[in-house]
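# Results of the structural survey
What follows is each chain in one-letter form.
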Amino acid sequence: MITRDEAKLLRLKLERLSQNLWWAWHPEVIQVFRQLDPDLWRRCDHNPVAMLRSMSDALIIERSHDLELNARIEGAYRSLETYLTDTRTWAIAHAGALLARPVAYFSAEFGLHESLPLYSGGLGVLAGDHIKSASDLGLPLVGVSLLYREGYFRQWIDRSGYQRETYANFDSAVQPVREAIGKDGRKVTIEVPVGSNGSVIRARVWRVDVGRASLVLLDPHVPENDERDRAVGTRLYGGDRETRIRQEILLGVGGVIALKALGIVPGVVHLNEGHSAFAVLELARQRMHEDGMSFADAMREVRQKVVFTTHTPVEAGHDRFEPDQVEAHLVGLRESLGLSREGFMSLGRVNPQDAGEPFCMTVLALKCATKSNGVSALHGRVTRRMWHSLWPHHGEQEVPIGHVTNGVHVPTWLAPEMRVLYDRHLRANWPVHLAHPETWMGIDEVPDIELWGTLQILKSKLVRFVRRRLVQQGEHADGLDPDVATMVADAFDPNVLTIGFARRFAQYKRATLILRDRERLKRILTNSSRPVQIIFAGKAHPHDEIGKGLIREIRHAMSDPAFQGRLAFIDDFDINVARHLVQGVDVWLNTPTRPLEASGTSGQKVLLNGGRNFSILDGWFPEGYDGQNGFAIGSGEVHVSSQVQEERDAADLMRVLEEEIVPLFYERDSWGLPVRWLARVKRAVRTLGWRFNTDRMVMDYVTHCYLPAAGAWSCEVDPH
Ligand SMILES: *Cc1c(COP(=O)(O)O)cnc(C)c1O
């Protein structure tokens, strides 16, 4: 029997575990939560705070007794405590100059876990992975973002194949958020000036613990705000231009005000994408106000500690606002900075003399950052070309924009089954040496049979997941036709070569490229001795009719009996769906129009889990591809006609699939093992694992951007 005091303690420990998102990258803790009540876990969208809320003490005790979970809960709790107090971190050894004052990392979205829906896609997941690696490395970092009451959106596809959106409601009572406490010991509400005559947007400030790091969220859903101001914190990337500029003011200006109210003095300010660039102006305003500096002096000082990362070579991906709109919203700030209207506007213009040029957030950030970077080597080059006109006296090569290639947070994306395999064969303590090439060498020692067995288990889990989701989709009154759901669920088979494609359905990602030659695709998928199955998932932005059209095309193909159920679209793409897919597929398809995929990260998640990349030479891929550690589509050349380019890419895709991928996958030795395939899997892990993870990425930011920005040393921008 357990005493009442012990019971209370057990609950307290579970609650403490649930309140720090550290659990989200520790599968052994997730397993404890799941086992407490698997059904409830699923119904609560994998949210332990919500789950514990609806479990009585008596039930928790009974369940933990039955399952002998007590020791595991105790173990998890101790691991968390050890983690939080560890003094042997990478940052203590290598980034001492950054320990005194944190990096403030501004991002419009953070993808930390499916239960905290404050992200839409890769940008948010990257920010989430960045903060987790900063925590693992012991780098003091505080994220800054907005709390969106309705998040992005939940997707379902109606019977006709059209995307529909629904919006959840954020309930802070069942989220790992707490109201932030200011220097004065009281809850913080900030006031962010917008427009003229003293009007403000108010925001409550929440905090989220992410391991050793934390995230500050601004929430304008307070009674003192009118409806228009509350709408600023309703939907991520929702609303009109007016909402958008107010969101960016709240994020940038409000974020700086909030940090100050919390007594946080950042040593470095990192703008993840241009959305938050107004932060720089508020920092300058504060310096002018505090020390009576001129705008020019304040900017010189502020600029020294600002780091900017740009993420897109797609023109529409750069926020631009009309001059009148900027003036209407920022006149107060402009006047505090002592700037004329045109002087202020010129901060966001490539050509300051052009009164018609809109105000571009990327331009503002590029002008006000000491270090700017793209997110892959190729994207760095493209970005230097794109913004060359800002530095007309430099050659293109000398444009001061470098690159730090994106990565993924290994503990978040690695399947527990793969972790066991790595534990057995990689060097001791491998998770704290992710960025060392030697760490990954041990993969070559893994017996083929063990690797293949693990991959088969992962694929079986994926197939079960796909079947379950198809059944659910078929149960929806206006969802997938139940006959189609059954046909596809029955056809899905863990022995079949499985290709995955899942990401935002932006046009440039060309989700339907593989469907261009349908007859050929049908032959490949339905080949009786060497069949192939494909799983798609992804959301189109609610205003993106082209993206929605692509989804519809895939849904129609899915219902086409000629494909014999070998093609599935899983709706409501999120981190959970992404995790199942990247951990279970054999091949990950990536078909962007080069060079529009700045980096891409989903393929990096796949390679960690023994899947093979099958990709256009775009984003991170050309940096890692060596001819054998993945499959390339095309040669990296770009035709002037996008039509011709698309035809070429589609043809090459089919050729590689038919002539290289399928034969290699189905080539088996006398034990039934695809020996040559597995050798390539190992090669990908060995040659790519150490580079394309966020520990390496954050270390690069520290060395090339954060340390110089913190004044630890100054070095020339290294574009390569
Ligand atoms: C990793 C990830 C992405 C990024 O996918 P790309 O292929 O890099 O665009 C998008 N969405 C989710 C949910 C992810 O986990």
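From a predicted model like this one, the values you see are computed outputs, not experimental measurements.

The rules behind each value
Residues numbered from 1 in each chain as written. Predicted model: local features only at pLDDT ≥ 70, side-chain atom pairs only at ≥ 80, totals over all residues. Heavy atoms only, no water. Helix = DSSP H or I, 4+ residues; strand = E, 2+ residues; numbered from the N terminus. Rg over C-alpha atoms; globule rule 2.2 N^0.38 Å. Buried < 20%, exposed > 50% of the residue type's maximum accessible area, 1.4 Å probe, protein only. Contact = heavy atoms within 4.5 Å. Domains from an automatic or database assignment. Buried area = accessible area lost by both parts, 1.4 Å probe. Salt bridge = Lys/Arg side-chain N within 4 Å of Asp/Glu carboxyl O. Polar contact = N/O pair within 3.5 Å; in protein donor to acceptor, adjacent residues only side chain to side chain. Near = heavy atom within 4 Å. Areas by Shrake-Rupley, 256 points an atom, 1.4 Å probe, with all protein chains shown as cover. Nonpolar A, V, L, I, M, F, W, Y, C, P; charged D, E, K, R; others polar.

### A closer look at the overall build of the chain
- Helix and strand counts for the chain come out as 28 helices and 20 strands.
- Against the 2.2 N^0.38 benchmark of 27 Å for 720 residues, the chain shows a C-alpha radius of gyration of 25 Å, consistent with a compact globule.
- Across the 720 residues of the chain, 60% fall into the buried class.
- A separation of at least 24 residues holds for 73% of the contacts in the chain among residues at least 6 apart in sequence.

### So, the domain arrangement of the chain
- When the domains of the chain are assigned, the result is domain 1 (4-85), domain 2 (90-406 + 705-709) and domain 3 (410-692).
- When each unit is reduced to the centre of its C-alpha atoms, the spacing between domain 2 and domain 3 is 33 Å.
- On the side of domain 3, 47 residues touch domain 2, which itself brings 42 residues to the contact.
- Across the interface of domain 2 and domain 3, roughly 3,400 Å² is buried in total on both sides, 52% from carbon and sulfur atoms.
- Across the salt bridge formed by R154 and D572, the nearest N and O atoms sit 2.7 Å from each other.
- Taken together, domain 2 and domain 3 are joined by 21 residue pairs in polar contact (both at pLDDT 80 or more).
- If you list the elements that add at least two residues to the side of domain 2 that touches domain 3, you get helix 8 (122-137), strand 3 (154-157), strand 4 (163-166) and helix 16 (377-386).

### A closer look at the pattern of salt bridges
- Within the structure shown, the criterion is met by 55 salt bridges.
- Measuring nitrogen to oxygen at the nearest pair gives 2.5 Å for the salt bridge that ties D219 to R149. With D219 in strand 8 (residues 213-219) and R149 in the loop between strand 2 (141-146) and strand 3, this pair connects stretches of sequence that are 70 residues apart. No difference in accessibility class separates D219 from R149, as the two residues are buried.
- Salt-bridge contacts for D448 lead to K682; the nearest nitrogen and oxygen are separated by 2.8 Å. In this pair, D448 is assigned in helix 19 (residues 448-475) and K682 in helix 27 (residues 675-688), connecting sequence segments 234 residues apart.
- One salt-bridge network, held together by shared partners, links K260, R287, E290, D291 and E301.

### Focus on the site of the ligand
- In the neighbourhood of the ligand, 13 residues make up the surrounding shell, with R503, K509, T601, S602 and K605 lying closest.
- In this structure, K509 approaches the ligand through a side-chain N or O atom, which is 2.7 Å from an oxygen atom.
- With respect to the ligand, the side chain of K605 contributes an N or O atom lying 2.7 Å from an oxygen atom.
- A total of 390 Å² of accessible area belongs to the ligand in isolation, and the protein chains cover 95% of it.
- Counting only elements with at least two residues in the shell around the ligand, the list comes to helix 8 and helix 24 (602-608).
- The class makeup of the residues in the shell around the ligand is four nonpolar, five polar and four charged.
- Looking at the shell around the ligand, you find at least three residues from each of domain 2 (90-406 + 705-709) and domain 3 (410-692).

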